[in-house]
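Chain residues, written in single-letter form:
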Amino acid sequence: MPMWLQALLWGTLAGGALVLGAGIAWMWKVPAKIVSTVMAFGAGVLISALAFELVDEAVQGGGLLPTALGFLLGALIFVGSNILLARAGAKHRKRSGGSQPSEKDSPGSGTAIAVGALIDGIPESVVLGVGLLAGGAVSPAMLAAVFISNVPEGLSSTAGMKRSGRSPAYVFGTWVGIAVFSGVAALIGFTALENAPESVIAFITAIAAGGILAMLVDTMIPEAFEEHHNLTGLTAAVGFLSAFTIHHVGG
């Protein structure tokens, strides 16, 4: 199978986890504490992937300077975009409770939520495509991290969308569209950087990493602690350890 097609398929599969989470939330009313727990686990998984799959390998491949500059730029891009989206009604797009506004309460918020969810997912998909350049195969740890974290993202966001009165067409149209765009983003990450210098690959990888970390702090972690209980921190630690174990065994 051609490498570019692998990038497309792996990115789409990872994005498809959002659809899976959305389906669970739409069919069943998942208790808020379970949503919070799963989100905490997903946050721990992504933090581990950032440290060992993205930033560390970017430094080893392209050096500290391009990695540091890319990381800061990625965080700035996400935070700036998130501020604009928050003003348009997408501030609580990953919240499962009653925080999300309805279209009646905040016209245009539906579009902002969809765009915000897309921006959240693009960096994760790009690094899947870029990862194929280094090893000739998708990183099991990174794929697992993105998939595992996307399920609670889709679950939590959809629970909030359902509470705010969004239609099934809007909800599933959003997530299916993002899954497709995730595949395209992975394809672009692979094809655009196929012959790029290692410093450029490190810079782009770090941009994605910085965006993911900013997304975690701004959107996933608040939901993870929405239903605070004594095991939330432990759950995140287990998620971190799970992703690290996959990285260690896979490496």
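Residues numbered from 1 in each chain as written. Predicted model: local features only at pLDDT ≥ 70, side-chain atom pairs only at ≥ 80, totals over all residues. Heavy atoms only, no water.

## Structural notes on the overall build of the protein
For the record, the criterion: Strands here mean DSSP runs of E at least two residues long; helices mean DSSP runs of H or I at least four residues long; both are numbered from the N terminus. Residue exposure (1.4 Å probe, protein chains only): buried if accessible area is under 20% of the type maximum, exposed if over 50%, otherwise partly exposed. Contact definition: two residues touch when any of their heavy atoms are within 4.5 Å.
Looking only at helices and strands, the protein has 8 helices and 0 strands in total. For the protein, the N- to C-terminal ordering of α and β elements is α-α-α-α-α-α-α-α. The proportion of buried residues among the 251 residues of the protein is 47%. Taking the contacts inside the protein whose residues are at least 6 apart along the sequence as the reference set, 85% of them involve residues at least 24 apart.

## Quick look at the side chain of T205
Its location among the elements puts T205 in helix α7 (residues 198-224). T205 sits in the buried class, given a relative accessible area of 10%. Residue contacts for T205: discarding those within four places in its chain leaves L54, A58, V127 and V130.

## Quick look at the nonpolar core
Selection criterion: Only buried residues count toward a nonpolar core, which is a set of Ala, Val, Leu, Ile, Met, Phe, Trp, Tyr and Cys residues joined through side-chain atoms within 4.5 Å.
Residues L46, L54, M142, I212, L216 and M220 are the most contacted members of the largest nonpolar core, which totals 29 residues. Elements with a contribution of two residues or more to this core: α1 (3-27), α2 (32-62), α4 (109-135), α5 (140-163) and α7. In this structure, L18, A22, Y170 and I178 belong to the second largest nonpolar core, which totals 8 residues.

## Re α1
Heads up, the rule is: Here the expected span of a helix is defined as 1.5 Å times the quantity of residues minus one.
Look at α1: 36 Å from first C-alpha to last across 25 residues, which is about the 36 Å you get at 1.5 Å a residue. Listed as buried for α1 are Q6, A7, G11, A14, G15, A17, L18, G21, A22, G23 and A25.

## Quick word on the environment of S139
Tracing the backbone through its elements, the reader meets S139 in the loop between α4 and α5. Put simply, S139 and H247 are 108 residues apart on the chain and 8.3 Å apart in space, counted from C-alpha to C-alpha.

## Looking at α5
Taking 1.5 Å per residue as the helical rise, α5 with its 24 residues ought to reach 34 Å, and the 35 Å between its terminal C-alpha atoms agrees with that figure. The positive-phi residue at the C-terminal boundary of α5 is G165, with phi of around 90°.

## Some details on the environment of A214
Relative to the helices and strands, A214 resides in helix α7. The spatial distance from the C-alpha of A214 to the C-alpha of V79 is 6.7 Å, given a sequence separation of 135 residues. Setting aside its immediate chain neighbours within four residues, A214 contacts A75, F78 and V79.

## A few points about the packing of aromatic side chains
Rules: For this analysis, a ring pair means two rings from Phe, Tyr or Trp (six-membered ring only for Trp) whose centres lie within 6.5 Å, classed as stacked if their planes differ by under 30 degrees, edge-to-face if by over 60, and tilted for the remaining angles. By definition, being over a ring means that NZ of Lys or CZ of Arg is both within 6 Å of the ring centre and within 35 degrees of the ring normal.
Applying the stated rule across the entire model yields 3 aromatic pairs. Taking 6.0 Å as the distance between ring centres and 70° as the angle between the ring planes, the aromatic pair formed by F52 and F240 counts as edge-to-face. Taken together, the positions of F52 in helix α2 and F240 in helix α8 (residues 232-250) put the pair 188 residues apart, joining distant regions of the chain. Residue F52 is classed as partly exposed on the basis of its relative accessible area of 26%. Relative to F244, the ring of F52 lies with its centre 4.8 Å away and its plane at 55°, an arrangement referred to as tilted. With F52 in helix α2 and F244 in helix α8, this pair connects stretches of sequence that are 192 residues apart. Through a chain of ring-to-ring contacts, three or more aromatic side chains come together here, namely F52, F240 and F244. Its end group placed over the ring of W26, K162 keeps NZ or CZ at 5.2 Å from the ring centre. Seen from the ring of Y170, R166 lies directly overhead, with NZ or CZ sitting 5.5 Å from the centre.

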